[in-house]
Amino acid sequence: MGATTPFLVRHGSLHWPRPGTHPAGNRSAGSLLGSLYGWNTLGGAAGSLATVFALLPALGMARTIQVAGLLGAAVAAIAFFLSRRLAFPQGASRGMEPPMGAASISPGARPRIAILGTILAAGCLGGICQVAWTRLLALLFGSSTHALAITLAACLAGLAFGSAWAGRALERGWPAQSLARIALLGAAGATCASLFLWGKAPALIVLAQARLNRSFAGALALQALICLGLLLPAAFALGALLPSLTALLRGGGSRAGRDSGDAYSVDSWGTVVGALAAAFLLLPRWGVEGTLRAAGFAEILLLLPLAFMVAGPRPSPVLLLRRVLLPAACLVLLALLPAWDPVLMTSGPLLYSESYAAEGGGLKQVEEAMRRRGRLRFLEEGPDATVTVREGALGVLSLQINGKTDASSGGDLPTQALAGLLPALLHPAPRSALVIGLASGTTAGTLAAEPLDRLDCVEISPAAARVALLFSAWNGGVLSDPRFHLRLGDGRAYLRGTSERYDLITSQPTNPWISGVTNLFTQEFFTLARERLADGGVLAV
């Protein structure tokens, strides 16, 4: 699908002149890319919402994928039909684009490598922010498929509106360099404002939920509102960067396809690099807050290469001072903004809003209720989830994944123990067992009390092993049992790849509404589990 963009931009440059602005064959690659990319991304936002809220509930996974394939075939058929009927401009070449040489580049443009490098950096920033926003919204609203769909739609909508706005601004004659500078300043300003507001969001969510009667529809509307207010402005500014920086390449007419293709490709690769860097380097090292703060600094630093990309008259001292003061103010704000309270950010405000709001009061009272839940004994923001352990009243420990309590040394102990004990009682003589999901290790510890020869456990979070050590008094120190083998990975993928057969298989995750956990409650998973059970084996979920 990415290959269609440069072809469409080249076609638009030759076929879609705007009366009174550009003659045919001289449309800007940046303005066309902004419009096309904006509409395309807006369609992606609509598609993500339609898939989660309409297609998947009505048709299921397989038929939804079939619908997507049919829509793609329909678009291809329409494009082929239109291509046979569109008139080709007189004098325009149907052949290859002209070679990229000095004569084909505007004298005012700096080397392409500097511009494309800036586009790469901008794409990298976009990828970093999208991963950080997704993790942040998962902390506040949980990891449901609905929550992830709203977050994705808000990101894509912001990018779409920003890109389309920049395309229109370029059509109206805005200088591309000034437009890119405004976009970067806007992104940095939006990051500063959102960093402050995100820290207040947990208590605000609790208060808003109380007014919405804690309904499912109200929770979805609340998340959409928060995404529109805190996420969309920064996404809008980042979306305006691609067309404005592409316009600096000065491609028009038959060169528009190459310039837009190069820019779109480099931006996409930057997004891939940024997303991987955020998940595996930045988030584990700096956390969500530090990652977003670093992105804000990078947005300011990207203003430096813009000053040398396009030749022009030397700015006046007043203009130069104005260009320096705003970025400097943003840098100072980013450095001085108060840090988030990790107790509040990992409190699961949507899931436990009723208990936090039970005592009444305003913002301060809700925050105090969150702090009384317990002090943090463990906090790790990994590539897959944020894992915390709290110590509450009477020394009770509780384990949270993205703010949701999944295990504890208090009221959850009977359930965790029975998840291992019941399948063991139903089998006459179990010799091997598999536990999917380590959590506190209590279920695995219960099974370790049986006369097993082998006890395997699959856990997707690397932090789980470290967390389970805090629960050694309740799991019997199962991690040091020589029969116990911990494997990091996805439970369903492990069943698909292993040849081992088990007398007992226990699947720990108990919330089908959480994205990812859903895969452990499907017909495919139950079929895989049955294939990995030995004769007379027992599966417990």
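See the structure printed just above.
The rules behind these values
- Residues numbered from 1 in each chain as written.
- Predicted model: local features only at pLDDT ≥ 70, side-chain atom pairs only at ≥ 80, totals over all residues.
- Heavy atoms only, no water.
- Patch = residues over 30% accessible without salt bridge, like charges linked within 9 Å, V, L, I, M, F, W, Y side chains within 5 Å.
- Areas by Shrake-Rupley, 256 points an atom, 1.4 Å probe, with all protein chains shown as cover.
- Salt bridge = Lys/Arg side-chain N within 4 Å of Asp/Glu carboxyl O.
- Helix = DSSP H or I, 4+ residues; strand = E, 2+ residues; numbered from the N terminus.
- Buried < 20%, exposed > 50% of the residue type's maximum accessible area, 1.4 Å probe, protein only.
- Pairing = 2+ DSSP bridges.
- Right-handed = clockwise from strand over helix to strand, strands pointing away.
- Expected span 1.5 Å × (residues − 1).
- Bend = angle between axes of the 7 residues up to and from the residue.

Enquirer: When you look at a nonpolar patch on the surface in this model, what are you seeing that I'm missing?
Expert: A contiguous nonpolar surface patch, about 640 Å² in accessible area, is contributed by Leu120, Trp269, Val272, Leu276, Phe280 and Leu281. No other element matches helix 7 (residues 256-301), which puts five residues into the nonpolar patch. For Trp269, the location among the structural elements is in helix 7. You can call Trp269 exposed: its relative accessible area is 57%.

Enquirer: Would you take a moment to explain the pairing of strand 5 (residues 432-436) for this structure?
Expert: Along any regular strand the residues' side chains alternate between the sheet's two faces. Among the five residues of strand 5, five are classified as buried, and the element is accordingly described as predominantly covered. Going residue by residue along strand 5, you find Ser432, Leu434 and Ile436 tucked away on one face and Ala433 and Val435 tucked away on the opposite face as well. As defined by bridge partners, strand 5 adjoins strand 6 (residues 454-459) across five bridges and the pair is classed as parallel. The partner of Ala433 across the bridge, within strand 6, is Leu455. Chirality of the crossover, the property in question, places the unit of strand 5, helix 14 (residues 442-448) and strand 6 among those that are right-handed. Relative to strand 8 (residues 502-507), strand 5 runs parallel, the two sharing four bridges. Looking at strand 8, one finds that Val435 is bridged to Thr506.

Enquirer: Before we go on, may I ask you to explain helix 6 (residues 216-247) in this structure?
Expert: In an α-helix, one full turn covers 3.6 residues, which means residues spaced three or four apart are oriented alike. Between its first and last C-alpha atoms helix 6 spans 44 Å; for 32 residues at 1.5 Å apiece the expected length is 46 Å, and the two agree. At Leu231, helix 6 is deflected by roughly 45 degrees, the largest bend along its length, and proline Pro233 occurs up to four residues later in sequence. Here helix 6 lies mainly inside the structure; 23 of its 32 residues are buried.

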